[in-house]
Amino acid sequence: MTEVGREIPVEGVDPRELYGPQNVYLDQIKALHPSLRIVARGSTLKVLGSDAETAQFRKRFEGFTAYYLKYGHVSAQVVDQCFAGSSLSHEGPIDKDVIVYGNNGNIVRARTVNQQRLVELFGHNDLLFAVGPAGSGKTYTAIALAVRALKERQVRRIILTRPAVEAGEKLGFLPGDMKEKLDPYLQPLYDALNDMIPPARLQKLMEESAVQIAPLAYMRGRTLDNAFVILDEAQNTTLSQIKMFLTRMGRNARFIVTGDVTQIDLPHKTDSGLVRAMEILRSVRGIGIVEFDRRDIVRHELVKQIVEAFDRSAKNEE
C-alpha cells in the first residue's frame, strides 16, 4: 500500500487550544488512528498513511476544528465523537433563544423579552437602537449578534466603539499614552468579547483588524462596508456625533446603537443626541427600536432595586 503525506493547516485557532494541556487531546487523536503517523508542527498537522485514511482524517480534523470554533471548547468526549466515527451534531441542541456558543461551552442566549425582541428585529433591520437601564443586557446581546454574524461570515469584521466621555474623571490626569487612557472606557467591550471568542482566536482577529475597538472620534471619515458596528454608551454623543456615526454605514453593514439616557455624562444633559436621533428616525423603514426596562436587568438582584430606587428619587425631585 502506497503511503501519502498530507499537511493539514490549523486555521483560525491556536493549535494548543485543540491539542489540550500537555497535548492530551492530540495523544488521544493519535491513539484513535494507530495506522497513521501524526506529527504536529506549529500551525500544521502532518499525517502519513494511506490515501483513503489520510483523506478521512483530514475531514474529521476539519470537523473537530469547526466544532471548537463554534462552541469554544473541546473535551475527551468531543475528540472521541469526532475521530472514532460516532455521530456528532455541529448544530448543537435546538434552542431558538441561543445567539452564539461562547467559551468553555458557555451558551449566550436571549434571556428576556426585550433581548429576544432585539434578536428578532435584527433579522429584518440594518440599524437598531437598543436603549435601557444598566444591566439589561442590551450591549452584551448586541455583541453576541455581532460575533454570530462574523462566525457565519455574514460580515467581514466587527467594529465596537464608544465616545470617550469622562464620568467625573479627566482623561488628562490618567497615566499613559492615548491608548492607555482610552482603554478603560472600552474595557466592557473587551470583557464581552472575551466571553464569546477564545483568547487566541480573539487576539488573531484583532491583529487582522477583523475585530476593532476604538473611540467614536476614530470613526470620522470612514466608510464601514461589510461590517457589524456597535456604538455603545450613545447617550454620551451629541446629535452631530451620532449623525456622523450613522452616516458611516457602508454596503452590507449592520449597525446597533445602545445607550442609557439616565446615565448621561455630558456637561449638559440636554446635549445628548440619542433621544433626538431616535425621534427623528423612528418612522424610517429598516430601523428598529427596542426599549429595555427594569424587567430586563440580568445582573445581581440588587441592581434592579438600585435602578428602581434612583428612578423613584428622580420622580420625587421633579
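Residues numbered from 1 in each chain as written. Predicted model: local features only at pLDDT ≥ 70, side-chain atom pairs only at ≥ 80, totals over all residues. Heavy atoms only, no water.

Draft legend 1. Local environment of the pairing of strand 6 (residues 127–131). Of all five residues that make up strand 6, five are buried, and the element is covered over most of its length. Across the two faces of strand 6 the burial is the same, with L127, F129 and V131 and L128 and A130 all buried. In terms of strand pairing, strand 6 meets strand 11 (residues 287–291) through five bridges, oriented parallel. Counted as the bridge partner of A130 is V290 from strand 11. (Buried < 20%, exposed > 50% of the residue type's maximum accessible area, 1.4 Å probe, protein only. Helix = DSSP H or I, 4+ residues; strand = E, 2+ residues; numbered from the N terminus. Pairing = 2+ DSSP bridges.)

Draft legend 2. Layout of the sheet that holds strand 2 (residues 37–41). Judged by pairing direction, the sheet is antiparallel, and its three strands sit side by side in the order 1-3-2 without closing on themselves. At either end of the open sheet lies a strand with only one pairing partner, and these are strand 1 (3–9) and strand 2. Strand-to-strand twist of the sheet, defined as the mean angle between neighbouring strand axes without regard to direction, takes the value 20 degrees. Looking at chain direction, strand 1 and strand 3 (residues 44–50) are connected through seven bridges and run antiparallel. Each bridged residue has a counterpart across the sheet, and for E3 the counterpart in strand 3 is S50. Sheet strands touched by helix 3 (residues 51–71): strand 1, strand 2 and strand 3. Its angle to strand 3, the strand with the most contacts, is close to 145 degrees. (Axes fitted to C-alpha atoms, helices over the stretch in contact; angles between N-to-C directions. Contact = heavy atoms within 4.5 Å.)

Draft legend 3. Region of interest: the environment of G259. Structurally, the position occupied by G259 is in strand 10 (residues 254–259). Spatially, the C-alpha atoms of G259 and T237 are 9.7 Å apart, while their sequence positions differ by 22 residues. With near-sequence residues (within four places) excluded, G259 lies in contact with A130, V131, G132, K138, A234, Q235 and L274.

Draft legend 4. A look at the pattern of salt bridges. One pass over the full model with this rule turns up 10 salt bridges. Taking the shortest distance from any N to any O, the salt bridge between R162 and E233 comes out at 3.2 Å. Taken as a pair, R162 in strand 7 (residues 157–162) and E233 in the loop between strand 9 (227–231) and helix 9 (239–246) lie far apart in primary sequence, 71 residues in all. Two residues, E208 and K204, come together in a salt bridge whose shortest N-O distance is 3.2 Å. (Salt bridge = Lys/Arg side-chain N within 4 Å of Asp/Glu carboxyl O.)

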